[in-house]
Amino acid sequence: DAGVIQSPRHEVTEMGQEVTLRCKPISGHDYLFWYRQTMMRGLELLIYFNNNVPIDDSGMPEDRFSAKMPNASFSTLKIQPSEPRDSAVYFCASSPRLAGAETQYFGPGTRLLVL
Amino acid sequence: RKEVEQDPGPFNVPEGATVAFNCTYSNSASQSFFWYRQDCRKEPKLLMSVYSSGNEDGRFTAQLNRASQYISLLIRDSKLSDSATYLCVANTGGFKTIFGAGTRLFVKA
């Protein structure tokens, strides 16, 4: 079975540019999560969706970040404009239900470097 | 203070050693707990859940102490393949999943 798919796997961009990260959740999973991981702050939940609807975006750092889920099989996380402090690994995860962390399946991540 | 705190390590141990990691959580409303494993440059993956009664999976034993608000992971007979970062996770219900920063383990031959 295909797991969570993320693209691109690596992204290098310059400060001020728009960055779009993509995620395809596991088919049949109703919940989708976006996380950010840095050495300093660890793994942080940014936003999560249920049935394509954003439920809680309190973890989104600021207005430069936005996330959408136009359908059950696709989500994007956009950063505009990007800044060097946005450099991190961004993980997408999906889950068949809203339960504990035992049901979350992570994608391979997108490594973002903003110069 | 972080909601979930772990000793970052690294822990350097020889093969065959027993190693223990501890983790503390600050939110007494936390309901469920887990250990995740993350290999270098890979995504986190669930290692095991942690129950109040303690649970064991092969060489791995997890314990929860609600009174003291800490969680532990014991690895017996360490293997080279156990080298990874171990993330402690607390969940307060629903989506509220808090990950610790992780403890790095290096197992040497």
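Just so you know, these numbers come straight off a predicted model, no measurement behind them.

Here the focus is unusual backbone geometry. Cis rather than trans, the peptide bond between A:S7 and A:P8 has omega equal to -10°. Structurally, A:P8 can be placed in the loop between β1 (5–7) and β2 (10–13). Here the amide bond leading from A:Q80 into A:P81 is cis, since omega sits at -10°, within 30 degrees of zero. With a phi close to 65°, B:R41 is a non-glycine residue in the positive phi region. Tracing the sequence through the fold places B:R41 in the loop between β4 (32–38) and β5 (44–50). Classification of B:R41 as exposed rests on a relative accessible area of 53%.

Once that is clear, we can look at the state of the cysteines. All names here are of chain A. The tally for this structure, following the rule as stated, stands at two disulfides over all chains. Bridging C23 to C92, the disulfide has an S-S length of 1.9 Å. Across the S-S bond linking C23 and C92, the dihedral sits near -65°, which makes this disulfide left-handed. Taken together, the residues C23 in strand β3 (residues 19–24) and C92 in strand β9 (residues 88–95) connect sequence positions 69 residues apart. Side by side, C23 and C92 carry an identical accessibility label, which is buried.

All names here are of chain B. Across the sheet, which stays open at both edges, the five strands sit in the order β1-β3-β8-β7-β6 with antiparallel pairing between neighbours. One side of each edge strand has no neighbouring strand; the edge strands of this open sheet are β1 (4–6) and β6 (55–57). Strand-to-strand twist across the sheet, computed as the mean angle between neighbouring axes with direction ignored, equals 20°. In terms of strand pairing, β6 meets strand β7 (residues 60–65) through three bridges, oriented antiparallel. Bridged to N55 within β7 is A62.

What follows deals with the nonpolar core. In terms of nonpolar packing, the biggest core is built from 24 residues, with B:F21, B:W35, B:I71, B:L73, B:I75, B:Y86 and B:L105 touching the most fellow members. If you list the elements that add at least two residues to this core, you get β3 (19–25), β4, β5, β7, β8 (70–75), β9 (84–91) and β11 (103–108) of chain B. Among residues more than four places away in sequence, those in contact with B:L105 are B:F11, B:V13, B:V19, B:F21, B:I75, B:D82, B:S83, B:A84 and B:Y86. Membership of the second largest hydrophobic core comes to 21 residues, among which are A:V4, A:I47, A:F49 and A:L112.

What counts as what
Residues numbered from 1 in each chain as written. Chains lettered and ligands numbered in written order. Predicted model: local features only at pLDDT ≥ 70, side-chain atom pairs only at ≥ 80, totals over all residues. Heavy atoms only, no water. Helix = DSSP H or I, 4+ residues; strand = E, 2+ residues; numbered from the N terminus. Buried < 20%, exposed > 50% of the residue type's maximum accessible area, 1.4 Å probe, protein only. Disulfide = S-S within 2.5 Å. Pairing = 2+ DSSP bridges. Axes fitted to C-alpha atoms, helices over the stretch in contact; angles between N-to-C directions. Core = buried A, V, L, I, M, F, W, Y, C linked by side-chain atoms within 4.5 Å. Contact = heavy atoms within 4.5 Å.

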